[in-house]
Amino acid sequence: MKQIGLSFLLTFILLHFQVAAVEIYVAKNGADTNNGNKEQPLATLHAAIRKARELRRLKDPSTKDGIKILVGAGIYQLHEPIILRPEDAGTKDSPTEIFATEKVVLSGGVKIAGWKKVNGTVAGLPKKAFGKIWVADLPNDGISALIFRQLWVNGTKAIRAKNYNGEAMGRILSWDKKNQTCRIPLQPNTDLSKIAGMEMLIHQWWAIANLRVKSVKVIGNAAELSFMQPESRIQSEHPWPAPWISEKTGNSAFYLSNAIQFLDEPGEWFEDLKNHKIYYWPKASENMRNADVVAPALENLVKIEGTIDHPVSFVSFKGISFEHATWRRPSRQGHVPHQAGMYMLDAYKLATPGTPDKPGLENQAWVGRPAAAVEVNFANQISFENCRFQHLASTGLDFNKGTSDNLIRGNLFKDIGGSAILVGTFSDEASEVHVPYNPKDKREISTNDRIEDNLITDVTNEDWGAVGIGAGYVKGIKIIHNEISDVSYSGISMGWGWTKTPNAMKNNTISANKIHHYGKHMYDVAGIYTLSAQPESFITENVVDSIYKAPYAHLPDHWFYLYTDEGSSEFTIKNNWTPTEKYLQNANGPGNVWENNGPKVAENIKQNAGLELPFRYLLKNKSSYSNRGINQAEDKTVVFELIFKDGQLPGNQALEEFAKENNLLTRAIYKWNNRLVIYTSSLKVESLLQTLKRLNAIEVKLYDNIFYDFNREKNCGEKPVAEWDNVILSANLVEEEKMQKEYLDYHKTQFAKWPEISKGFCNAEFQRLAIFKKDRQLMLIISIPKGKKLDDLNPKTTLNNPKVDEWNAIMKKYQEGIAGTKPGEVWVFFKPIE
């Protein structure tokens, strides 16, 4: 008995240590009635997940070291989403891993075959298209013809027929909010009055809207459009973002789509739902007899659906491609986004402003969230690695609510209509968007998720106001080493709520990302954009460069590299490389620290940003860039002067704190008597016009008019020194306008008629001498080599140069002291606060 027992025990121990992860095979030639081993693979991932679920339910010992589902090469057409539930969860020691052994595509699309060339005429088809159009029967969804908004031909997205070709758009003439109508110019030889099913895309500030046209009324050379509900009401009632009307920059741009009358160039298609047909004008390189034509049918390809008490955990996807997901809501209810692709369910201007959290709030909105190809809720330790998300109508991958400790690494996101990645709650449909989110059960908050080393390119190509990576109310998120390019709006957007109030967000990091070729269509934009209070959060060592020139932007200069928007608080923004310091800080909260950002950031930081070496193979998948051009920011110097009541000038400590929060060097701040001067870049003007209000000055003056500018390189033929100090003085011109004009005329001609003055400045080692004017007050900036003193250098201007004395004597009669100077005192020196 003892001998038999010992033998059994040894056998059990050997078996225990030899157990490896159980393998379940899926192949295109498999069958779901097979047992799922290598020789008898299953046919679907759905069946493989069910088999894994049953093994776990029965506590099969083969699962002790995990379950591997190995999917063989091929395109797997899905007829329903793959769903993983709490029963599918693995554990740390027994994870579930879903592998592609070769190229594997999970497709939500249907192929369209049987193409024939159109013979004869088709009602409404433009004459130029006669003899060039091909037609096929529409797929059926079981009830009616399949509705879709995208079509891929040989892997390239075709264009839904529209009235303006290429990137051209028209400009609306007007928008009537009361009657919910829009007037547009009529194009020559176009009859819009009999078109059914037409849509309008309108460009408005930082978002577009898709509006289904209800009726068209021709009025002279214009057409008045009315729209279907509910989008008609929402579009006309919501105040932000609204249709843009401007004589200076042009009204909101638009185009019309989804009419056979617009099918007028190669690469366009039209879906005729009434007659169950699809029409396509092939490109010269396409042969419709053997073309691979795919229309999307499923909105969700994969759903990972846990609960707050029973999350899905320890499941990974590796090497899988997710393709051809659809999103039909715009075709059924229109699409009027609020921001970052979140569409409005209701929105309006408040007759009486104010809410408990925001007394000055003038509008309210409730939003929904667009569908995603892959959706994850209440899940932890989920990973997507080396996967491809492409040819998708809306969001690629969405970690929505209750996600934690998940990993998105080494994936490609390309050709996506909406955002590549969304993480965290933005606003639940029942919650107004400005209400801070901070649930009692913290398990709801997406926490410690990681997004790293992904290539995101050619996304947001339909919903232009969506983003590369969008994070809502998140905690502990790490967005690192991603490369993002060719996006219509912002590269990374983090935060929601427009609030300084404490909320769910904290301890977030955006670091070492490379963002370029962004802002392709929409402005009020940045490479990195934030909202609301996020204590202990960091934006560091990113590279942001190359923003597109957007031809229809509402404000052509309203673009930025970094943008901390309303309520952004307690961020550290440090060591980010950008070509210039074109940043915006709009209505920020307290506690932000800006340090060492801009073109002087260390070269190794610039080289380190973006994909890490093991993931740079992804770069071969980058999309080609538009040739529309890149914006360059013109960086000029300006002067702010703040005047305070006596005794109310802020102290040095308060000013040092203000400088840290507002991307200023403390040595750029100077004071004299009851006045402060800030010598800074014109790129900071928009932010400072807001934030300087916090200092409670009785007057803020901006000097941006330089009427005299001596430059060492230009006027002395020498390169300036690497570092210099600035000396700031101020005086008034006399009140007589005739004498003011004489003074300015002298300076206009000084370089030509008084060359000795420049010679004196060169001799004194002046690097620059600039004079700004505001009304009759002058600000004189003298830049000298760092560490040297003006008292030592200034005498050199007159050394063997009597013309300088003569010039100074003439100028004295035009100048007098500013308010607060002593009798006979003219120029006053502002001292740096250091």
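Residues numbered from 1 in each chain as written. Predicted model: local features only at pLDDT ≥ 70, side-chain atom pairs only at ≥ 80, totals over all residues. Heavy atoms only, no water.

## Topic: the overall build of the protein
Phase 1 of the analysis: Looking only at helices and strands, one finds 13 helices and 59 strands in the protein.
Phase 2 of the analysis: With respect to the principal axes defined by its C-alpha atoms, the protein has extents near 110 × 90 × 55 Å.
Phase 3 of the analysis: Residues counted as buried form 58% of the 834 residues belonging to the protein.
Phase 4 of the analysis: For the protein, restricting intrachain contacts to residue pairs at least 6 apart in sequence, the fraction spanning at least 24 positions comes to 77%.
Phase 5 of the analysis: Summing over all exposed atoms, the protein offers an accessible surface of approximately 36300 Å²; the carbon and sulfur share of this is 51%. (Helix = DSSP H or I, 4+ residues; strand = E, 2+ residues; numbered from the N terminus. Buried < 20%, exposed > 50% of the residue type's maximum accessible area, 1.4 Å probe, protein only. Contact = heavy atoms within 4.5 Å. Areas by Shrake-Rupley, 256 points an atom, 1.4 Å probe, with all protein chains shown as cover.)

## Examining the sheet that holds strand β13 (residues 174-176)
Hydrogen bonding along the main chain pairs the strands of a sheet, whether they run parallel or antiparallel.
Phase 1 of the analysis: Taking strand neighbours across the sheet as the criterion, the seven strands line up as β12-β18-β15-β16-β17-β14-β13 in an open arrangement whose pairing is antiparallel. Edge positions in the sheet fall to β12 (170-171) and β13, since each of these pairs with one other strand and no more.
Phase 2 of the analysis: Across four bridges, strand β15 (residues 199-204) lies against strand β18 (residues 253-257) in antiparallel orientation. From the neighbouring strand, Ile202 faces β18, where its bridge partner is Phe254. (Pairing = 2+ DSSP bridges.)

## Considerations on the packing of helix α9 (residues 737-748) against helix α13 (residues 802-812)
Phase 1 of the analysis: Across the interface, α9 lies against α13 with an axial gap of 11 Å and an inter-helix angle of 155 degrees. Classified by the angle between their axes, α9 and α13 sit roughly antiparallel to one another. Of α13, the residues touching α9 (which contributes Tyr743, Tyr746 and His747) are Trp807, Ile810 and Met811.
Phase 2 of the analysis: Here the residues of the contact of α9 with α13 sort into five nonpolar, one polar and no charged. (Axes fitted to C-alpha atoms, helices over the stretch in contact; angles between N-to-C directions. Parallel < 35°, antiparallel > 145°, perpendicular 65-115°, else oblique. Nonpolar A, V, L, I, M, F, W, Y, C, P; charged D, E, K, R; others polar.)

## A short note on the pairing of strand β26 (residues 363-368)
It is a general feature of regular strands that their side chains alternate between the two faces of the sheet.
Phase 1 of the analysis: Among the six residues that make up β26, six are buried, leaving the element largely enclosed by the rest of the structure.
Phase 2 of the analysis: Every second residue of β26 is oriented toward a common face, with Asn363, Ala365 and Val367 on one face and Gln364, Trp366 and Gly368 on the other, all of them buried.
Phase 3 of the analysis: Two strands pair when backbone bridges link them, and strand β25 (residues 342-349) and β26 are joined in this way by six bridges, in the antiparallel orientation. Within β26, the residue paired with Lys349 across the bridge is Asn363.

## Here's the deal with the pattern of salt bridges
Phase 1 of the analysis: What the rule picks out here adds up to 44 salt bridges.
Phase 2 of the analysis: Note that Lys349 is salt-bridged to Glu362, the shortest N-O span being 3.7 Å. Highlighted residues: Lys349 in strand β25 and Glu362 in the loop between β25 and β26, separated in sequence by 13 residues.
Phase 3 of the analysis: By sharing partners, the salt bridges in this structure join Glu385, Arg409, Arg450 and Glu452 into a single network. (Salt bridge = Lys/Arg side-chain N within 4 Å of Asp/Glu carboxyl O.)

## Observations regarding the state of the cysteines
Phase 1 of the analysis: Per the counting criterion, the structure on display carries one disulfide.
Phase 2 of the analysis: Between the sulfur atoms of Cys716 and its disulfide partner Cys762 the distance amounts to 1.9 Å. Handedness here is read from the sign of the S-S torsion; for Cys716 and Cys762, about -95 degrees, the answer is left-handed. Here Cys716, found in helix α8 (residues 712-716), pairs with Cys762, found in helix α11 (residues 755-763); they are 46 residues apart in sequence, far enough to count as distant. Each member of the pair, Cys716 as well as Cys762, is classed as buried. (Disulfide = S-S within 2.5 Å.)

## Quick look at the sheet that holds strand β10 (residues 156-157)
Phase 1 of the analysis: An order of β6-β21-β9-β10 is seen for the four strands of this open sheet, with the pairing classed as antiparallel. Strands at the two margins of the open sheet, each flanked by one partner only, are β6 (109-111) and β10.

## Here's the deal with the environment of Glu806
Phase 1 of the analysis: Along the chain, Glu806 turns up in helix α13.
Phase 2 of the analysis: On a C-alpha basis, the gap between Glu806 and Gln339 in space is 62 Å, while along the polypeptide they are 467 residues apart.

## A look at the pairing of strand β51 (residues 669-672)
Phase 1 of the analysis: Strand direction decides the pairing type here: β51 and strand β52 (residues 675-681), joined by four bridges, are antiparallel. Bridge pairing in β52 links Lys671 to Leu676.
Phase 2 of the analysis: A loop of two residues connects β51 with β52, the two strands running antiparallel in sequence, and Asn673 in this loop sits at a positive phi of about 55 degrees.
Phase 3 of the analysis: Pairing of β51 with strand β59 (residues 828-832), which is carried by two bridges, proceeds in the antiparallel orientation. Counted as the bridge partner of Lys671 is Lys831 from β59.

## Quick word on the environment of Phe130
Phase 1 of the analysis: Within the secondary structure layout, Phe130 lies in the loop between β7 (116-117) and β8 (134-137).
Phase 2 of the analysis: Between the C-alpha atom of Phe130 and that of Glu603, which follows or precedes it by 473 residues, the distance is 58 Å.

## Looking at the nonpolar core
Phase 1 of the analysis: Judged by nonpolar contacts, the single largest core of 151 residues is most densely connected at Ile69, Met200, Phe317, Phe322 and Phe384.
Phase 2 of the analysis: If we ignore the near neighbours within four places in the chain, the residues touching Phe317 are Leu84, Ile98, Val302, Ile304, Phe322, Ser383, Phe384, Glu385 and Cys387.
Phase 3 of the analysis: Core analysis: the second largest hydrophobic core is formed by 29 residues, Val727, Leu729, Val734 and Ile757 among them. (Core = buried A, V, L, I, M, F, W, Y, C linked by side-chain atoms within 4.5 Å.)

## Digging into helix α2 (residues 45-57)
Phase 1 of the analysis: In this model α2 runs 18 Å from its N-terminal to its C-terminal C-alpha over 13 residues, within 8% of the 18 Å that 1.5 Å per residue would give.
Phase 2 of the analysis: Listing the buried residues of α2 in full gives Leu45, Ala47, Ala48, Ile49, Ala52, Arg53, Leu55 and Arg56.
Phase 3 of the analysis: In this fold, the buried residues of α2 make contact with β1 (22-26), β2 (67-71), β4 (82-84) and β5 (96-107). (Expected span 1.5 Å × (residues − 1).)

## Details of the packing of aromatic side chains
Phase 1 of the analysis: Enumeration over the complete set of coordinates arrives at 34 aromatic pairs.
Phase 2 of the analysis: On the basis of an interplanar angle of 85 degrees and a centroid distance of 5.8 Å, the ring pair of Tyr164 and Phe254 is categorised as edge-to-face. Within this pair, whereas Tyr164 is found in the loop between β11 (159-160) and β12, its partner Phe254 is found in strand β18, the two being separated by 90 residues in sequence. The same class applies to Tyr164 as to Phe254, namely buried.
Phase 3 of the analysis: Measuring from centroid to centroid gives 6.5 Å for Trp206 and Trp240, while their planes differ by 15 degrees, and the two rings are stacked. One end of the pair, Trp206, is in the loop between β15 and β16 (207-219); the other, Trp240, is in the loop between α3 (231-237) and β18, and 34 residues separate them in sequence.
Phase 4 of the analysis: With relative accessibility at 36%, the residue Trp240 sits in the partly exposed group.
Phase 5 of the analysis: In this structure, Lys28 packs its charged tip against the face of Tyr76, placed 5.2 Å from the ring centre.
Phase 6 of the analysis: Lys582 extends its terminal NZ or CZ atom over the ring of Trp559, reaching a point 4.5 Å from the ring centre. (Phe/Tyr/Trp six-rings, centres within 6.5 Å; stacked < 30°, edge-to-face > 60°. Lys NZ or Arg CZ within 6 Å of the ring centre and 35° of its normal.)

## Points about α9
Phase 1 of the analysis: For α9, which comprises 12 residues, the first-to-last C-alpha distance of 17 Å matches the rise-based estimate of 16 Å (1.5 Å per residue) to within 8%.
Phase 2 of the analysis: Where α9 is concerned, the buried positions are Met739, Gln740, Tyr743 and His747. Down the axis, α9 shows its buried residues gathered within 110 degrees of arc, on one side only. Along α9, exposed side chains directed more than 90 degrees from the buried face belong to Glu737, Lys738, Lys741 and Lys748. (Arc of directions from axis to C-beta.)

## Notes on the confidence of the model for the protein
Phase 1 of the analysis: Mean pLDDT for the protein: 96, with 98% of residues reaching 70 or above.
Phase 2 of the analysis: Element-level mean pLDDT values for the protein span from 38 in helix α1 (residues 2-18) up to 99 in strand β41 (residues 509-511).
Phase 3 of the analysis: In the model, residues 1-19 has pLDDT below 50 throughout and makes four contacts with residues more than four positions away in sequence or in other chains. (pLDDT = per-residue confidence, 0-100.)

## Let's talk about unusual backbone geometry
Phase 1 of the analysis: A cis amide bond links Gln229 to the next residue, Pro230, at an omega of 10 degrees.
Phase 2 of the analysis: Along the chain, Pro230 falls in the loop between β17 (222-227) and α3.
Phase 3 of the analysis: With an omega of -15 degrees, the peptide bond between Trp240 and Pro241 qualifies as cis.
Phase 4 of the analysis: Among the structural elements, Pro241 can be located in the loop between α3 and β18.
Phase 5 of the analysis: The backbone of His276 shows a phi angle near 60 degrees, a positive value even though the residue is not glycine.
Phase 6 of the analysis: Following the sequence through the fold, His276 ends up in the loop between β19 (268-272) and β20 (277-280).

## Things to note about the environment of Ala21
Phase 1 of the analysis: Mapped onto the elements of the fold, Ala21 is located in the loop between α1 and β1.
Phase 2 of the analysis: The contact partners of Ala21, leaving out residues within four places of it in the chain, are Ser62, Asp65, Gly66, Ile67 and Lys68.

## Notes on the side chain of Thr249
Phase 1 of the analysis: Along the polypeptide, Thr249 turns up in the loop between α3 and β18.
Phase 2 of the analysis: Residue class for Thr249 comes out buried when judged on its relative accessible area of 16%.
Phase 3 of the analysis: At 2.8 Å, the side chain of Thr249 forms a polar contact with the side chain of Trp244. (Polar contact = N/O pair within 3.5 Å; in protein donor to acceptor, adjacent residues only side chain to side chain.)

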